[in-house]
Amino acid sequence: MNPFPDEIAGLDPQMDAALRDFADEVREEVAGRAPGFADRMRARLAEARRKPERPRGRVVEIVPERRAQAPGGRKSWIAAVAAMLLLVIAASYLRGLWSPRDPVRFREGGVAITGNLEQGTLRIVTDAAGGCVRELDGGRIVLYIHHGTDLGVASSREVKLDEGELWVNVRPASGPFRVVTDFGNVDVKGTVFGVNLAGQQALIRIERGEVSVQNSAGSVSLVPGRRARVSGAGVAPVTEPESNTLTPDWVWNLEEKANGAAEDQYYRSSHKQPSKGN
Amino acid sequence: MVVVEAFHRRLLGYLYIQTGSHDLADDLAQEVFLAAYEQRKAIRSEKALKSWLFTVACRKASRSQPRTRTQPLPEPGAADDPSSPEVISPWSGMQREKAIEFMEGALRTLPAEDRELVTLRYFGELSIKELSETLQMPMGTVGVKLGRALEKMKKHLLARGVTFGDLLP
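Our subject in this report is the structure included herewith.

Here is what the cut-offs are and how they apply
- Residues numbered from 1 in each chain as written.
- Chains lettered and ligands numbered in written order.
- Predicted model: local features only at pLDDT ≥ 70, side-chain atom pairs only at ≥ 80, totals over all residues.
- Heavy atoms only, no water.
- Core = buried A, V, L, I, M, F, W, Y, C linked by side-chain atoms within 4.5 Å.
- Buried < 20%, exposed > 50% of the residue type's maximum accessible area, 1.4 Å probe, protein only.
- Contact = heavy atoms within 4.5 Å.
- Phe/Tyr/Trp six-rings, centres within 6.5 Å; stacked < 30°, edge-to-face > 60°.
- Helix = DSSP H or I, 4+ residues; strand = E, 2+ residues; numbered from the N terminus.
- Lys NZ or Arg CZ within 6 Å of the ring centre and 35° of its normal.
- Buried area = accessible area lost by both parts, 1.4 Å probe.
- Salt bridge = Lys/Arg side-chain N within 4 Å of Asp/Glu carboxyl O.
- Polar contact = N/O pair within 3.5 Å; in protein donor to acceptor, adjacent residues only side chain to side chain.

1. Overview of the nonpolar core
Among the nonpolar cores identified, the biggest contains 66 residues, and A:Leu19, A:Phe22, B:Met103, B:Val118, B:Phe123, B:Leu131 and B:Met153 are the most heavily contacted of them. Residues within four places of A:Leu19 in sequence aside, it is in contact with B:Met103, B:Val118, B:Tyr122, B:Leu150, B:Met153 and B:Phe164.

2. Considerations on the packing of aromatic side chains
Scanning the entire structure with this criterion turns up three aromatic pairs over all chains. Here the aromatic rings of A:Phe22 and B:Phe123 are separated by 5.6 Å at their centres, their planes lie at 85°, and the arrangement is edge-to-face. With A:Phe22 in helix α1 (residues 13-32) and B:Phe123 in the loop between α5 (112-122) and α6 (128-135), the pair connects residues from two separate chains. Residue placement shows B:Arg108 over the ring face of B:Tyr16; its charged tip is 6.0 Å from the ring centre.

3. A short note on the interface of chain A and chain B
Contacts between the two partners involve 43 residues from chain A, matched on the other side by 56 residues from chain B. Between chain A and chain B the total buried area reaches about 4,600 Å² when both faces are included, carbon and sulfur atoms providing 66% of it. For the interface between chain A and chain B, the tally reads three salt bridges. For B:Arg9, the salt bridge is made with A:Glu28, and the minimal N-O distance between the two is 2.8 Å. Where chain A touches chain B, the interface holds eight residue pairs in polar contact (both at pLDDT 80 or more).

4. Notes on the side chain of B:Glu104
Looking at the element boundaries, B:Glu104 is found in helix α4 (residues 96-108). Looking at B:Glu104, the relative accessible area reads 14%, which means it is buried. Not counting residues within four places of it along the chain, the set of residues in contact with B:Glu104 comprises A:Phe22, B:Tyr16 and B:Ile17.

5. What to know about the pattern of salt bridges
Pairing between side chains becomes possible if they bear opposite charge and their charged atoms approach one another. All names here are of chain A. On inspection of all chains with the given rule, the structure shows 25 salt bridges over all chains. A salt bridge links Arg 123 to Asp 150, with the nearest nitrogen and oxygen atoms 2.4 Å apart. With Arg 123 in strand β3 (residues 122-126) and Asp 150 in strand β6 (residues 150-155), this pair connects stretches of sequence that are 27 residues apart. Owing to a relative accessible area of 29%, Arg 123 belongs among the partly exposed residues under this scheme.

What follows is the structure, encoded as structure tokens:
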């Protein structure tokens, strides 16, 4: 007798019959090796019936065994998930407290930052209304990037100014730092200075410290009270008197905004923290 | 007890093929029936009972086997060693014991998932719909997988010069 109400399309009838016959044989053999199975089961079921049933009124979900879980197992899962959630929350909280300062301290207007510093592909481009304060070397070097600037950052020690204006604050004993332009390079040690690419020339002004401006045609040393002008790659840089040696207002504006943004962030984060004793 | 009478042979046969041990099959079958007794209020009908019993039996059998699901059971006897297949040709006068040994050998070479499907079908006498419920896979998938598993068995037997027809009494 075919016990199956359904058939598998394309199944070899001999294969099907042989397997059914095989199963019959094995079942008989196995049942023959388990004499009194029904009696033993009767005894065990009778024993199970004697056990008190679960108290009424308690809702017990009854599911097939593959989905069923021991109550202890379920509790332990819930505890494990809760512990994981607490860990994630704690990690997020601590990360917020201990995370290093964002190297981009401030940005306004249109600022496009692409690439990354580690690979030497970092590029910062500001539009006509943009501005940005970016730190390098853990804050020892601060770049103030004016609007309309295109700056490539090759490393923490060298940037390439392709367009616009850049002021740099290099803290004393910070090591060498270089601004590369098409007209020449500016090497500094512990100073505040600016490089402005204006038309077909580069103007370098300095507030304090000393910088060396050089290109293939020559080099000059620049100190406060003078500015350097580089008109072309083949023209040696020249220095000339500079009445305004102060850092321009736009740099201070950016600095103030960056500090204000940092303060806002601090207050926001501090107000999120649970207060104790208040 | 009606349930035990109705299903114990099928369960014992299925569990024996899955575990390879008569004692273990006996123990697991008892556990399955006890579990069914404990969950009796949740089992809605006789049809549901059949799928339920074999679902539980599947789980108990797989838990008793530490192997991965895709690893076939070792074949008993050197005759089933793939590196030195015993080719018997022409085939004649095969004894029943030998036929069962060949079939069992072919079944044991199947990956665990295929073997589970074939044994549920033939030892548990589950329909395609019941297989679908028990294994939680679409009915079409059950048919395709079962057909492929049987083809594997057929190839295994043919490599030894045996056809399914030879194994019929």
